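Secondary and tertiary structure notes
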Amino acid sequence: MAAGATLLLLSALLGITQGFYGDSVTFMSPKKTSGGAFEMTFYYRQYGKKNCAGQHSYKCETGLCKGFDRGKVHQNDQDTKGQGNWCLSEERTTVTFSTSKPTITLSESGCCWVSNVNGVKQWKADAQLNLGTRSDTRTSNNCPVTTSVSSLRVAQNCFSPIALLAYDPDLDKVRCRFPTDAVVTSTISLDKTTCTLSSTGQLDVGVHVFEVILEDFPTKSINLNYADGTSVLWDSSDTTSSPLCSIKLQFSLEVLSPVPNCEAGHVLPMFLSNTPSHGEVLHANVGQKFQMTVQAQAHHSGIYDFQVSGPQNMVKEFKDQTLGKAEVTLSWTPEESDLYRFVPVCFTAETNDIQSAMRCVVIIVAQASLFQGDAHVTCAPSKMTVSFEKASIINLDENFLQLNDPSCPLTSNVTHIIATVPYSSCGTKVEDKGDFIYFTNTIASFVLPTEVIIRRSTVNLSFNCRIPTHIAISSVYEVQSDYIYSDSSFTAFSYSFNIYTDSKFTEKVKETAYPVQVKMLDKIYMGIQAITNLQNVELFIEWCKATPDSNPENTLSYDLIKYGCRSDETFKTYSSDKTAVNFEVQAFKFSGNQDQVYITCSVILCQTGNSFSRCAQGCLPTPSRRRRELSRDTDSQQITQGPFQLVNEYVPSTAENTFNKVLIENRDSPKATVISPDTKSSPGGWKITDVSTVGSASAFLVALVMVAVVVGYFIRTRRADDRKSLLLSEE
């Protein structure tokens, strides 16, 4: 490829001497003007430490520029605590230039990086664009889209892979690499295909600076046609081919001192399920408000802000919630100049000591869609319901509307058109995107074959539901009973995990009762139910275990069920039907100062009657691998309930009072009570004060011996039970 002309954009930097945190640039596709020149708009973001509102100013020195339209520099985000920890600015520039070359190179440089362990001071930004018209899209090539938040922070002992945003509007393959002259920390590696930074060893405390080049490569061979009439074949099979576009992302990462706990949701903020996933593509329309909600949680540290790298005029509305939660609503109304723009947005949740992992999305700006109606979509575990106002569409004829599958009916009332669409039928399309599965359908107008002309509006309303493939639950004192999952084979389903007040399993423990207080040896009643519209499926509990916190991976744990086999002798199950299991277990506590218990179960849905299914295997002495394509099971999903809190045991003041309490408990309540020596008595014995008390105490000792004999008998009997079947029905 011929060497490109260089368009040098120099930064005046307005006296900035220290505090450059990084930058990114996003290009809109170059366009030809009527005079044969090129016009190109780009958005330059620069990350700094304090005031970013005047950090850079451009001028064209090469003589190639016929016009240079610079917009105002906007400070889009900054540290709300006023400590000057970060800021971000963005400037929109439109440049007009003439060149007969196939490529053009843009560059910028300045001083100085924030003080860093790499010892780097000078920085330089580069971008090289191919100006050819692609044969597949019939437009100029689009560069990869990327950005970063202003200031990335990670605890030294909590480093996890950092996924950079690397989206290509033409759906080309994006590869990442370090520049050949970059100073790279020796313990950092970069996956060129996923654009993910990983650590191969411990990083030094301090600021580390990074330069990453993103390049795009078409996935199939295309022709590139240039202004001078020449055409070049770009061969996708040629591994030595140059990229069509090359841009640089610069950012800094501050490695902080170690923190006591790296568990997501503890002190490290964790994004909750309604937050867009990393790399997700969202859509906005010109002149219409776009909104996105980001929610995070950190139980043992306060989230005080969200750091956001977004477009000019994006508004943040922060809300501090209970249980360590916080959310921010991002609002933005695209202008006409934003039409066909691909806008990168990255965000992190911030605490005083640490921040969450970074997530990034891309917003595609288009004209307002053909359908302008006021539509509302409700997502349920197995279906979605969409409704829109009839009055919102002029000349609407509801008799000429249909879903992807015309055999599925639409309903209506006086004001609205309504469709209830199962995820598994009616032409619903299923797209698995890793963290989420998307279920999409369309309400569209149709024309009869005999119609030559029509006088009704054309409707094409696409709607979807996004269901998490797995929801990680880490809540403290928050009632979580419904868990929604999806599977590309089983479509969508959910599990309900509840705590009940008694063995009838009808009345759930109220939310106000959490944490649920129990006494030692009390019976705990719980139930799991699968909620799905699928027929011929059954529920199987693969394992259940107790932990002193909501983390099921805690090394301190106790098995109730393991490999489908009952592990605790007090654990009893009651199956009401094939998709529900109720069970009871006697309350206990972990040794030490732990006074809370969470119960997590791993559950599976199986196809009834399939001899290869995990349900058919039942209790296994050791874990077994199964071929899922034969078993037709869902992936195992973890669901958690709790906490249960052990209340202080009764401590008697005299032996007589203790004996009376035991008689009352045995007569009126099924709950057992543990008897402890009076802390005020002489060591090892009960305090006896009179003759009547001695008699009562003697009777108590006799009763205690009898109880011990009975308990011993029942323990021996229980141990003789068959422990190899999970779904054991006991009356």
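Treat the numbers as computed from the prediction; the structure is a model and nothing was measured. (Residues numbered from 1 in each chain as written. Predicted model: local features only at pLDDT ≥ 70, side-chain atom pairs only at ≥ 80, totals over all residues. Heavy atoms only, no water.)

Some points on the overall build of the chain
Within the chain, the regular secondary structure consists of 4 helices and 46 strands. Within the chain, the fraction of its 731 residues that count as buried is 48%. Long-range pairs, those at least 24 residues apart, make up 70% of the contacts in the chain between residues at least 6 apart in sequence. Per element, the accessible surface of the chain, about 34800 Å² overall, is 50% carbon and sulfur. (Helix = DSSP H or I, 4+ residues; strand = E, 2+ residues; numbered from the N terminus. Buried < 20%, exposed > 50% of the residue type's maximum accessible area, 1.4 Å probe, protein only. Contact = heavy atoms within 4.5 Å. Areas by Shrake-Rupley, 256 points an atom, 1.4 Å probe, with all protein chains shown as cover.)

Overview of the packing of aromatic side chains
This model, assessed by the stated rule, comprises 17 aromatic pairs. Ring centres of F38 and F97 lie 5.7 Å apart, and the angle between their planes is 20 degrees; this geometry places the pair in the stacked category. Of this pair, F38 sits in strand β4 (residues 38–48) while F97 sits in strand β7 (residues 87–97); the two residues are 59 residues apart in sequence, bridging distant segments of the chain. Take F97: its relative accessible area is 0%, and that puts it in the buried class. (Phe/Tyr/Trp six-rings, centres within 6.5 Å; stacked < 30°, edge-to-face > 60°.)

Quick notes on the pairing of strand β19 (residues 245–256)
Taking burial as the measure, the 12 residues of β19 include 11 buried ones, the bulk of the element. Note: strand β9 (residues 122–130) against β19, 3 bridges, orientation antiparallel. Across the sheet, L129 pairs through a bridge with C245, a residue of β19. Examined bridge by bridge, strand β16 (residues 206–217) and β19 share 11 bridges and lie antiparallel to one another. Pairing of V207 across the sheet is with E254, part of β19. (Pairing = 2+ DSSP bridges.)

Focus on the confidence of the model for the chain
Per-chain confidence: the chain averages 77 in pLDDT, with 76% of residues scoring 70 or above. Confidence drops under a pLDDT of 50 for residues 1–17, and excluding neighbours within four residues, the segment shows 60 contacts in the predicted structure. Taken as a whole, residues 650–705 scores under 50 in pLDDT and shows 45 contacts with residues more than four places along the chain or in a different chain. (pLDDT = per-residue confidence, 0-100.)

A few points about the environment of L282
Along the polypeptide, L282 turns up in strand β21 (residues 281–285). For L282, a relative accessible area of 15% gives the class buried. Put simply, L282 and M292 are 10 residues apart on the chain and 9.3 Å apart in space, counted from C-alpha to C-alpha.

Quick word on the side chain of D168
Here D168 lies in the loop between β12 (162–163) and β13 (173–177). For the buried D168, no salt bridge is present, and the opposite-charge side chain at shortest range is R134, 5.3 Å distant. At 3.0 Å, the side chain of D168 and the backbone nitrogen of D172 are in polar contact. Contacts of D168, omitting those with residues within four sequence positions, involve N142, C143, P144, V174 and D216. (Lys, Arg positive; Asp, Glu negative; His and termini not counted. Salt bridge = Lys/Arg side-chain N within 4 Å of Asp/Glu carboxyl O. Polar contact = N/O pair within 3.5 Å; in protein donor to acceptor, adjacent residues only side chain to side chain.)

Notes on the sheet that holds strand β15 (residues 196–199)
Pairing within the open sheet is antiparallel, and its 3 strands lie in the order β12-β15-β14. In this open sheet, the two edge strands, each paired with only one partner strand, are β12 and β14 (188–191). Across 4 bridges, β14 lies against β15 in antiparallel orientation. Of the residues in β15, the one forming a bridge with I188 is S199.

Section: the sheet that holds strand β29 (residues 383–389)
Within a sheet, each strand pairs with its neighbour through backbone hydrogen bonds, oriented either parallel or antiparallel. Pairing is antiparallel across the open sheet formed by 4 strands, whose spatial order is β28-β29-β32-β31. A strand with exactly one partner marks an edge of an open sheet, and here the two such strands are β28 (375–379) and β31 (411–412).

A short note on the pattern of salt bridges
One pass over the structure, following the stated rule, counts 18 salt bridges. Measuring nitrogen to oxygen at the nearest pair gives 2.9 Å for the salt bridge that ties K390 to E398. The network of salt bridges with shared partners includes R45, E90, D338 and R341.

Quick look at unusual backbone geometry
Note the cis peptide between C111 and C112, where omega equals 15 degrees. Take C112: it is sitting in the loop between β8 (103–111) and β9. In this structure, the amide linkage connecting Y514 to the following residue, P515, adopts the cis form with an omega of -5 degrees. By secondary structure assignment, the location of P515 is in the loop between β37 (491–500) and β38 (516–518). One non-glycine residue, C195, lies in the positive phi region at around 55 degrees. Here C195 lies in the loop between β14 and β15. Phi angles above zero are rare outside glycine, and Y340 is one such case at about 65 degrees. With respect to the element layout, Y340 can be found in the loop between β25 (325–332) and β26 (342–350). Residue classification places Y340 among the exposed positions, given a relative accessible area of 54%.

Here we look at the pairing of strand β41 (residues 558–562)
As defined by bridge partners, strand β40 (residues 537–547) adjoins β41 across 3 bridges and the pair is classed as antiparallel. Note that in β41 the partner of C544 across the bridge is I561. As judged from the 2 bridges shared by β41 and strand β42 (residues 565–566), these two strands associate in the antiparallel manner. Looking across to β42, one finds that I561 is bridged to R566. From the end of β41 to the start of β42, which pair antiparallel, there are 2 residues, and Y563 there has a positive phi angle of about 55 degrees.

Some remarks on the environment of T187
For T187, the position within the fold is in the loop between β13 and β14. Classification of T187 by relative accessible area gives buried; the value is 18%. Sequence separation of T187 and T200 is 13 residues, and the distance between their C-alpha atoms is 4.9 Å. In this view, T187 contacts S198, S199, T200, G201, Q202 and L203; residues no more than four positions away in its chain are not counted.

Notes on the nonpolar core
Counting residues in each nonpolar core, the largest one holds 54 residues, and the members touching the most others are F27, L129, L164 and F251. In terms of residue count, the dominant contributor to this core is β19 (6 residues). Leave out the neighbours within four places in its chain, and L164 touches C195, V212, L249, F251, H278 and M358. The next biggest cluster of nonpolar side chains, apart from the first, holds 34 residues, and it includes V516, M520, C544 and L646. (Core = buried A, V, L, I, M, F, W, Y, C linked by side-chain atoms within 4.5 Å.)

Let's talk about the state of the cysteines
Per the counting criterion, the structure on display carries 9 disulfides. Across the disulfide from C158 sits C262; the S-S distance is 1.9 Å. One quick way to see it: the torsion about the S-S bond of C158 and C262 is about -80 degrees, and its sign makes the bridge left-handed. You can see C158 sitting in the loop between β11 (152–155) and β12 and its partner C262 sitting in the loop between β19 and β20 (270–271), a full 104 residues away along the chain. For C158, a relative accessible area of 10% translates into the label buried. (Disulfide = S-S within 2.5 Å.)

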